[in-house]
Amino acid sequence: MAEKTQILKISNLVSSYGNIRALTDINAEVNKGEIVTLLGANGAGKSTLMKSILGMVHIDSGSILYNGTELVGKKSHQIVPLGISLVPEGRKIFVDVSVENNLEIGTYFRTRTKARDKELLDMVYETFPRLYERKKQLGGTLSGGEQQMLAVGRAIMSDPQLLMLDEPSMGLAPLVVAEVFEVIKKVRDMGITVLLVEQNASMALRICDRAYVLNTGKITGMVSNEQENMQEIADNMLREAYLGAKKQDRSERGETGGK
Ligand SMILES: Nc1ncnc2c1ncn2[C@@H]1O[C@H](COP(=O)(O)OP(=O)(O)OP(=O)(O)O)[C@@H](O)[C@H]1O
Ligand SMILES: [Mg+2]
């Protein structure tokens with residue numbers, strides 16, 4: 001088996017919003033070329049972990065090594081040029097701007113050479129021919145799935161080594177969800193490492209190499225596709241995580257006992 005190279009190593013990470021702690025003692029790693037998924041209930045801290053990597057959240061302590069470089073203490077505008085890109089929840093493409101201009105905007109976040117921009121644009125159009133066919137169309141007139149493709153395409157234009165996708169299938173019909181997962185595989189096949197947050201655990205587990213389960217700011221489990229019954233193990237971990245989250249909700253509301 002080929003030696004694995006770490007692209008991301010997160011150690012003992014603690015992050016907070018004001019005096020509210022959102023992540024506690026996170027330890028996780030991502031190897032080059034992998035698709036790694038973060039699973040967990042609403043409010044578990046999945047988006048916060050991605051935002052922490054990108055320098056958008058206050059980090060109290062811990063370390064995030066990216067290709068051996070410490071990211072903690074760096075600002076987003078210093079991190080993005082190192083080759084990390086995030087497609088946030090809710091896509092956020094520019095609706096009044098054409099597909100091709102949306103893609104061009106992606107290049108602004110990185111040191112630009114015209115030749116590399118052209119190469120990336122060709123790669124995006126080749127991978128997503130539907131974007132090429134619609135390059136003059138306004139972003140807002142694309143279908144939900146096409147907008148997600150555009151959001152991913154725009155992120156690729158910033159030439160990432162690590163692409164983070166926060167709930168890319170949210171709000172999409174099942175057939176389109178399947179398409180989005182195809183898009184994610186294509187991104188991986190382009191040589192880009194993917195960190196994915198997904199509510200659709202079963203679909204995510206089908207394409208990912210490993211998955212971490214988050215529960216109220218902590219990682220409570222990890223599954224790997226080297227395990228035969230990955231899906232079943234993950235289901236059990238998730239059941240516990242969701243029950244745990246519910247229990248905490250109740251105790252925060254001052255409820256006791258009952259179902
Ligand atoms: N800007 C913020 N200010 C204060 N608290 C926040 C902020 N953003 C998130 N939080 C809190 O941090 C915790 C983790 O939120 P986060 O958005 O990371 O969860 P998530 O796992 O992505 O959930 P979801 O599946 O609903 O997207 C939640 O309790 C949330 O209320
Ligand atoms: Mg989230």
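From a predicted model like this one, the values you see are computed outputs, not experimental measurements.

A. Region of interest: the side chain of E34. In this structure, E34 sits in the loop between β2 (20-31) and β3 (35-40). For E34, a relative accessible area of 6% gives the class buried. One polar contact links E34 to R210, side chain to side chain, over a distance of 2.9 Å. When neighbours within four sequence positions are excluded, E34 is seen to be in contact with T193, V194, D209 and R210.

B. The arrangement of the sheet that holds β3 in detail. The six strands lie next to each other as β6-β7-β8-β3-β9-β10, forming an open sheet whose pairing is mixed. Both outer strands of the open sheet, β6 (84-87) and β10 (218-224), are each paired with one neighbouring strand and no more. Averaged over all neighbouring strand pairs, the angle between strand axes comes to 20°, with direction disregarded. By the bridge criterion, six bridges tie strand β9 (residues 210-215) to β10 in an arrangement that is antiparallel. Across the sheet, the residue bridging to N215 is K218, located in β10. Strands β3, β7 (162-166) and β8 (193-197) of the sheet are contacted by helix α7 (residues 174-189), whose axis makes an angle of about 150° with β8.

C. Structural detail: the packing of aromatic side chains. Throughout the structure, instances matching the rule amount to one aromatic pair. Ring centres of Y125 and Y132 lie 5.1 Å apart, and the angle between their planes is 70°; this geometry places the pair in the edge-to-face category. Look at Y125 and you get buried, because its relative accessible area is 10%.

D. Highlighting the pairing of β9. Most of β9 is tucked away: six of the six residues are buried. Two strands pair when backbone bridges link them, and β3 and β9 are joined in this way by five bridges, in the parallel orientation. Paired with T37 across the bridge in β9 is A211. Here β9 folds back onto β10 in antiparallel fashion, the turn holding two residues, of which T216 has a positive phi close to 35°.

E. Molecular detail of helix α3 (residues 99-106). Buried within α3 we find V99, N102, L103, I105 and G106. Seen along its axis, α3 keeps its buried residues to an arc of 155°; they face one direction. Where α3 is buried, its residues touch α4 (114-127), α5 (129-133) and α6 (144-156).

F. Here's a closer look at the site of ligand 1. Near ligand 1 there are 13 residues, and of these G43, G45, K46, S47 and T48 occur at the shortest range. Between ligand 1 and N42 there is a distance of 3.0 Å, counted from an oxygen atom to a side-chain nitrogen or oxygen. Contact distances for ligand 1 include 2.8 Å between an oxygen atom and a backbone N or O atom of G43. For ligand 1, whose accessible area on its own is 640 Å², the fraction buried by protein is 62%. Considering each element in turn, the shell around ligand 1 owes the most residues, three residues, to helix α1 (residues 46-53). Looking at the shell around ligand 1 residue by residue, the class counts come to four nonpolar, six polar and three charged.

Conventions we followed
Residues numbered from 1 in each chain as written. Chains lettered and ligands numbered in written order. Predicted model: local features only at pLDDT ≥ 70, side-chain atom pairs only at ≥ 80, totals over all residues. Heavy atoms only, no water. Helix = DSSP H or I, 4+ residues; strand = E, 2+ residues; numbered from the N terminus. Buried < 20%, exposed > 50% of the residue type's maximum accessible area, 1.4 Å probe, protein only. Polar contact = N/O pair within 3.5 Å; in protein donor to acceptor, adjacent residues only side chain to side chain. Contact = heavy atoms within 4.5 Å. Pairing = 2+ DSSP bridges. Axes fitted to C-alpha atoms, helices over the stretch in contact; angles between N-to-C directions. Phe/Tyr/Trp six-rings, centres within 6.5 Å; stacked < 30°, edge-to-face > 60°. Arc of directions from axis to C-beta. Near = heavy atom within 4 Å. Areas by Shrake-Rupley, 256 points an atom, 1.4 Å probe, with all protein chains shown as cover. Nonpolar A, V, L, I, M, F, W, Y, C, P; charged D, E, K, R; others polar.

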